[in-house]
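# Topology and contacts: notes
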Amino acid sequence: ARVSADLKKNFDQKRMHALQQEFSTPTAKKMVEMERGAQTPDELAKFAHSPEATKPERVAMVKRIDAATKASDLAVETAFVSMKALYQGISGAGTPRAAALDKAIEKERQAETRKIRDATLLSLAYSYKDASDADLEKYAALYETEDAKWYYGLVHDSLVGEIKDASAEAGAQ
């Protein structure tokens, strides 16, 4: 609901039309379908150790998609915003214990961010494992358009805001 409200508030018909055109191409439809595929932990672990997971040109394209969609940024924010809010709720906001936990979480954030980003990139790479290099290149380029950056920037900011609010509410409860 928040993403929808934020899109309505910042609606740009020209950009949305252009984005809709891009995502209506056969390549984009095929890639979106790949993203919807489920992955088991065993399949993901097997893929992680395959040569396909570390091909530099594919890794670079997946990183481009991640940078444009802010997928790993969202994963990091989700993990740490929710953790902080829950600990604040458990320990009592504004208490010395809460401040110590907050400091510990921030220290942990520095150490764990790379792992969360790598896991997100691996998951994306797995989603696109059956895509050709040419299709993956086209898809990465689609996400790098100004219209896609605008859209995914709005979506990211809306989701982070919702996660913060929901986490604060859960922590308070």
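Look up: the structure comes first, before these words.
Attention here is on the structure that accompanies the text. As the structure is a computational prediction, the values presented were derived from the model and not from experiment. (Residues numbered from 1 in each chain as written. Predicted model: local features only at pLDDT ≥ 70, side-chain atom pairs only at ≥ 80, totals over all residues. Heavy atoms only, no water.)

### Quick look at the overall build of the protein
Our working rule: Secondary structure is summarised from DSSP: a helix means a run of H or I of at least four residues, a strand means a run of E of at least two, and numbering begins at the N terminus for each. Should any heavy atoms of two residues lie within 4.5 Å, those residues are considered in contact. Areas reported as accessible are Shrake-Rupley estimates using a 1.4 Å probe. Residue values count occlusion only from the protein chains shown. Charge assignment: positive for Lys and Arg, negative for Asp and Glu; neither His nor the chain ends contribute. In this description, the location of a charge corresponds to atom NZ of lysine, CZ of arginine, CG of aspartate or CD of glutamate.
Regarding its fold elements, the protein presents nine helices and zero strands. Listed N to C, the secondary structure of the protein is α-α-α-α-α-α-α-α-α in terms of helices and strands. For the protein, the spread of C-alpha atoms along the three principal axes comes to 55 × 45 × 25 Å. Contacts in the protein between residues at least 24 apart in sequence constitute 84% of all its contacts with a sequence separation of at least 6. About 10,300 Å² of surface is accessible on the protein, with carbon and sulfur atoms providing 56% of the total. Between the averaged position of the 26 positive side-chain charges in the protein and that of its 28 negative side-chain charges there is a distance of 2 Å.

### What to know about the packing of helix α5 (residues 56–69) against helix α8 (residues 133–143)
To be explicit about the condition: Note on definitions: angles span 0 to 180 degrees between N-to-C directions of axes, and those axes are lines fitted to C-alpha atoms, for helices only across the stretch in contact. These descriptions rest on fixed angle ranges, namely under 35 degrees for roughly parallel, over 145 for roughly antiparallel, 65 to 115 for roughly perpendicular, and the rest for oblique. Two helices crossing with the near one rotated counterclockwise from the far one by less than a right angle form a left-handed crossing, whereas a clockwise rotation gives a right-handed crossing. Residue classes follow a fixed rule: Ala, Val, Leu, Ile, Met, Phe, Trp, Tyr, Cys and Pro count as nonpolar, while Asp, Glu, Lys and Arg count as charged, and any other residue, Gly among them, counts as polar.
For the pair α5 and α8, interaxial distance at closest approach is 9 Å and the crossing angle is 25°. With respect to each other, α5 and α8 are oriented roughly parallel. Both α5 and α8 take part in a crossing whose hand is left-handed. Across from Glu57, Arg58, Met61, Val62, Arg64, Ile65, Ala68 and Thr69 in α5, the residues of α8 making contact are Asp133, Leu136, Glu137, Tyr139, Ala140, Ala141 and Tyr143. Counted by class, the contact of α5 with α8 contains nine nonpolar, one polar and five charged residues.

### Details of the packing of aromatic side chains
Applied cut-off: The rule is short: rings of Phe, Tyr and Trp, with Trp giving its six-membered ring, pair when the centres are within 6.5 Å, and they are stacked under 30 degrees, edge-to-face over 60, tilted in between. A ring has a charge above it when a Lys NZ or an Arg CZ is no more than 6 Å from the ring centre and no more than 35 degrees off the ring normal.
Following the criterion strictly, the structure yields seven aromatic pairs and no others. Here the guanidinium or amino end of Lys129 rests over the ring plane of Tyr126, the centre of that ring lying 4.5 Å away.

### Considerations on the pattern of salt bridges
Under the convention used in this document: Throughout this description, the term salt bridge denotes a Lys or Arg side-chain nitrogen within 4 Å of a carboxyl oxygen of Asp or Glu.
Evaluated as defined, the whole model comprises 20 salt bridges. Between Asp133 and Lys55 there is a salt bridge, and its shortest N-O distance comes to 3.9 Å. Placement of Asp133 in helix α8 and of Lys55 in the loop between α4 (41–48) and α5 is noted, with a sequence separation of 78 residues between them. In the salt-bridge network here, residues are joined through shared partners; they are Glu52, Lys55, Glu57, Arg58 and Asp133.

### Some points on the side chain of Thr120
Cut-off, in case you're wondering: Throughout this description, buried means an accessible area under 20% of the type-specific maximum (1.4 Å probe, protein chains only), exposed means over 50%, and partly exposed covers the range between.
Inspection of the secondary structure puts Thr120 in helix α7 (residues 96–127). Look at Thr120 and you get buried, because its relative accessible area is 14%. Contact partners of Thr120, with chain neighbours within four places excluded, come to Asp66, Ala71, Ser72 and Ala75.

### Comments concerning the nonpolar core
Note the cut-off: We call a set of buried residues a nonpolar core when its members are Ala, Val, Leu, Ile, Met, Phe, Trp, Tyr or Cys and they connect through side-chain atoms within 4.5 Å of each other.
Judged by nonpolar contacts, the single largest core of 25 residues is most densely connected at Phe23, Tyr128 and Tyr139. The leading source of residues in this core is α8, at five residues. Ignoring sequence-local partners within four residues, the contact set of Phe23 consists of Ala28, Lys29, Val32, Tyr139, Leu142, Tyr143 and Tyr152.

### Things to note about the side chain of Arg58
Looking at the secondary structure, you find Arg58 in helix α5. Setting aside chain neighbours within four positions, we find Arg58 in contact with Glu52, Tyr128, Lys129, Ala131, Ser132, Asp133 and Leu136.

### Examining α7
Rules: Residue count minus one, scaled by 1.5 Å, sets the expected span of a helix. The reported bend at a residue is simply the angle between two axes, fitted to the 7 residues ending at it and to the 7 residues beginning with it.
Along its 32 residues, α7 runs 44 Å from first to last C-alpha, staying within 8% of the 46 Å computed at 1.5 Å per residue. Bending of α7 peaks at approximately 45° at the position of Glu112. Within α7, the full set of buried residues consists of Ala98, Ile105, Arg109, Thr113, Ile116, Thr120, Leu121, Leu124, Ala125, Tyr126 and Ser127. Against the buried residues of α7 lie α3 (26–35), α4, α5 and α6 (71–91).

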